[in-house]
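For reference, the chains in residue letters:
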Amino acid sequence: MRYPSQLKVVKLLLSNGMCIKNGRVYSGEVEIADTAIARVVDVDRRIVRTAIETIEKDDELSKIFSLILPTTMLKDVASVMNWGCIEIVPSNANEPGILASVASIIAETGISIRQSMVDDPDLTESPKLYVITDEPVPSKIIPTLMECKGVKSLTIH
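On a predicted model such as this, the values are computed, not experimentally measured, just so you know. (Residues numbered from 1 in each chain as written. Predicted model: local features only at pLDDT ≥ 70, side-chain atom pairs only at ≥ 80, totals over all residues. Heavy atoms only, no water.)

Peer 1: Describe the sheet that holds strand 3 (residues 30-32), and please don't skip the residues or the numbers.
Peer 2: Sheets are built from strands that pair by backbone hydrogen bonding, the pairs being arranged parallel or antiparallel. The 3 strands are arranged 1-2-3 in an open sheet whose pairing can be described as antiparallel. Unpaired on one side and paired on the other, strand 1 (19-21) and strand 3 mark the two borders of the sheet. Strand-to-strand twist in this sheet, taken as the mean axis angle between neighbours without regard to direction, amounts to 45°. In terms of strand pairing, strand 2 (residues 24-27) meets strand 3 through 3 bridges, oriented antiparallel. In the strand pairing of strand 3, Ser 27 is matched with Val 30. Where helix 3 (residues 45-57) meets the sheet, its contacts fall on strand 1 and strand 2, and the angle it forms with strand 1 comes to roughly 75°. (Pairing = 2+ DSSP bridges. Helix = DSSP H or I, 4+ residues; strand = E, 2+ residues; numbered from the N terminus. Axes fitted to C-alpha atoms, helices over the stretch in contact; angles between N-to-C directions. Contact = heavy atoms within 4.5 Å.)

Dropping the structure here:
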């Protein structure tokens, strides 16, 4: 999109898993008002409306945005549930194999992965990989995880 204000709207929709159907924005089955979106990205509600109309006029964009679903992120509840959470900052978020290497090391400890989520490098300024495990991760595997190709730093929550 060539309009920065509309691009802000599009990034919000994508990063929050909001879809567009029949000129309306939804998070799952919950309709989200244009004014609420406008408030979050600090634009006039008419910009939101124009962005929606622009998306719906384009067959490819319309198809993409009609299929998006919101996803639950468990990282903030991991400690409350007595799960583990590893937050990884990649040296290059586009490098293949980071998740596979980390998952392999975790599997070797006999711990199951409940969820893994990766920030999209095109939507997030500092993308991260989050791995939520069925139990807290033992600190003894931190050095091994740090040796994984593409891992710049990590935090165990």
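Peer 1: Report on the environment of Val 77, specifying residues and quantitative values.
Peer 2: Mapped onto the elements of the fold, Val 77 is located in the loop between helix 4 (59-67) and strand 4 (84-90). Given the relative accessible area of 36%, Val 77 is considered partly exposed. (Buried < 20%, exposed > 50% of the residue type's maximum accessible area, 1.4 Å probe, protein only.)

Peer 1: An account of the nonpolar core is requested, with residue identities and associated values reported.
Peer 2: With 19 residues, the main nonpolar core has Val 9, Leu 13, Ile 20, Val 25, Ile 37, Val 48 and Phe 65 as its most contacted residues. For this core, the secondary structure elements donating two or more residues are helix 1 (4-15), strand 1, helix 2 (34-41) and helix 3. Each residue touching Val 9, except ones within four places of it in the same chain, is listed here: Ile 37, Val 41, Val 43, Ile 47, Val 48 and Ala 51. Within the second largest apolar cluster, 15 residues are counted, among which are Ile 86, Ile 88, Ile 141 and Cys 148. (Core = buried A, V, L, I, M, F, W, Y, C linked by side-chain atoms within 4.5 Å.)

Peer 1: Tell me about the sheet that holds strand 6 (residues 129-133), and please be specific about residues and values.
Peer 2: One open sheet accounts for 4 strands, arranged 5-6-4-7; its pairing is antiparallel. The open sheet is flanked by strand 5 (113-118) and strand 7 (151-156), the only strands paired with a single partner. Averaged over neighbouring strand pairs, the angle between their axes works out to 15° when direction is ignored. As paired elements, strand 4 and strand 6 share 5 bridges and run antiparallel to each other. Within the sheet, the bridge partner assigned to Glu 87 lies in strand 6 and is Tyr 130. Those strands touched by helix 5 (residues 98-108) are strand 4, strand 5, strand 6 and strand 7, and its axis lies near 20° from that of strand 6.

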